[in-house]
Amino acid sequence: MSTTGFRRSEPTEFLKYVVRTKGQNTGVEIHFNGVNFFNLKDKIDLSKITQHLTLVRKTAYRVPEFVFTDALSSVKSLYFLIHCKLELKHSFYEKATRRDAWFNVKSSMELLGIGKSTLLFHMTIIDMSDDEILASTLIKMTKVDSTTRRSSNFSDSFLAKHARFAQIGTSKLPPFKLMKAPEDSFNHQFVIRPSDTDANGHTSNSIYAMLCLDCADLAASKYDFFKRFSGDFEKPRLIERYFAKECGEGDTVNAVVWEHMHSTTMLHFQLLKDSVLLFQADIDFYPRDNILSKL
């Protein structure tokens, strides 16, 4: 095990990474002091969780001992997030109800498997005060040729070097099932703002989910659209997201939401540009507090 550290521009956070070996796998654990996951209403902010996990990913990429580092050596390759499944524990929300609940966390990332052109990672956010898992996620990334912007397979030498991961593959996160939105779905249009984009000029991953939640909140509060839904919009439990295409500043995106056929706490979402699918998500929410107390 080896450790080192570096300071970010924010004076409230000091990052220390720990390279740890679990069996045959090497993972990276990063310690954060004073992390703020709240929005202006003192509620858990999904976009801040996504941004935190992105910071963990980018930090892990810089750790020489991380098994994935050699995949970044080619300047002709990019790695895009295409599929992820995020679970937020109810204790996360319980702890966040305290105004002073700024978290000291250790967030980890480890490689689980390798496909022909994809990588599967597991990530966690753990409260350092009691070692309780607050959130965990599976993410699948695909290797893309930087010139053609198309999927690109790993070399035989790379797969041979990491044969133990190639044998496992990425099937633990199976292909996302694309859905057809019913005709009576709720629709609302959003325009992508400059602040919604990343350094590459593309809409940030965290923005897609926030547009979906804004659409659902609008459907419920202004139009009383949902008939059976009994979940709490401020408390997502399980979020499965599929990224199909990119969009950027100034693009008009049509957000679509509809209720799950059987579950009263799950909603389906799609984002489209000119009728072309950009993003799809299934979000299962915790029941509203008055319902949860009866369970």
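The structure this text deals with has already been given above.
Basis of the calculations
Residues numbered from 1 in each chain as written. Predicted model: local features only at pLDDT ≥ 70, side-chain atom pairs only at ≥ 80, totals over all residues. Heavy atoms only, no water. Helix = DSSP H or I, 4+ residues; strand = E, 2+ residues; numbered from the N terminus. Buried < 20%, exposed > 50% of the residue type's maximum accessible area, 1.4 Å probe, protein only. Contact = heavy atoms within 4.5 Å. Areas by Shrake-Rupley, 256 points an atom, 1.4 Å probe, with all protein chains shown as cover. Salt bridge = Lys/Arg side-chain N within 4 Å of Asp/Glu carboxyl O. Expected span 1.5 Å × (residues − 1). Core = buried A, V, L, I, M, F, W, Y, C linked by side-chain atoms within 4.5 Å. Pairing = 2+ DSSP bridges. Phe/Tyr/Trp six-rings, centres within 6.5 Å; stacked < 30°, edge-to-face > 60°.

Some thoughts on the overall build of the protein
Phase 1: When you go through the protein residue by residue, the secondary structure sums to six helices and 12 strands.
Phase 2: Counting all 295 residues of the protein, 50% fall into the buried class.
Phase 3: Sequence-distant contacts in the protein: of pairs separated by 6 or more residues, those separated by 24 or more amount to 67%.
Phase 4: Counting every atom, the protein has about 15,200 Å² of accessible surface; 51% of that belongs to carbon and sulfur.

Describing the pattern of salt bridges
Phase 1: Here the structure, examined in full by the defined rule, presents eight salt bridges.
Phase 2: In this structure, Lys89 engages Glu87 in a salt bridge whose closest nitrogen and oxygen atoms are separated by 3.3 Å.
Phase 3: Among the residues examined, Glu87 registers a relative accessible area of 24% and is labelled partly exposed.
Phase 4: Arg237 is the salt-bridge partner of Asp284, the closest N and O atoms lying 2.8 Å from each other. Residue Asp284 is found in strand β12 (residues 276-287), and its partner Arg237 is found in strand β9 (residues 231-243); the two are separated by 47 residues along the sequence.

Some remarks on helix α1 (residues 46-61)
Phase 1: Between the first and last C-alpha of α1 there are 23 Å, a value that for 16 residues agrees with the 22 Å anticipated at 1.5 Å per step.
Phase 2: Along α1, 12 of the 16 residues are buried, which leaves the element largely enclosed by surrounding structure.
Phase 3: Listed in full, the buried residues belonging to α1 are Leu46, Ser47, Ile49, Thr50, His52, Leu53, Thr54, Val56, Arg57, Thr59, Ala60 and Tyr61.

Remarks on the nonpolar core
Generally speaking, nonpolar side chains in soluble globular proteins are found buried as a group.
Phase 1: The biggest cluster of nonpolar side chains holds 69 residues, and the ones touching the most others in it are Phe37, Ile49, Phe92, Met109, Val257 and Leu267.
Phase 2: Counting residues per element, this core draws most heavily on helix α5 (residues 205-221), at nine residues.
Phase 3: Beyond its immediate sequence surroundings of up to four residues, Phe37 is in contact with Lys43, Ile44, Asp45, Lys48, Ile49, His52, Phe92, Phe103, Val105 and Ile125.

Let's talk about the pairing of strand β5 (residues 103-114)
Phase 1: Counted residue by residue, β5 has 11 buried out of 12 residues, so it is predominantly covered.
Phase 2: Taken together, the nine bridges between β5 and strand β6 (residues 118-127) define a ladder with antiparallel strand orientation. Paired with Ser107 across the two strands is Ile125, which belongs to β6.
Phase 3: Here β5 folds back onto β6 in antiparallel fashion, the turn holding three residues.

Comments concerning the packing of aromatic side chains
Phase 1: Applying the stated rule across the entire model yields 18 aromatic pairs.
Phase 2: Residues Tyr93 and Tyr286 carry aromatic rings whose centres are separated by 5.9 Å and whose planes lie at 80° to one another, so their mutual orientation is edge-to-face. With a gap of 193 residues between them, Tyr93 in helix α2 (residues 90-95) and Tyr286 in strand β12 connect regions that are remote in the sequence. An identical accessibility class is assigned to Tyr93 and Tyr286; each is buried.
Phase 3: For the ring pair Tyr208 and Phe243, a centre distance of 5.6 Å and an interplane angle of 75° mean the geometry is edge-to-face. Pair noted here: Tyr208 is in helix α5 and Phe243 is in strand β9, with a separation of 35 residues, a long-range link.
Phase 4: By relative accessible area, Tyr208 is classed as buried at 4%.

These values are about where atoms sit, not about what they do.
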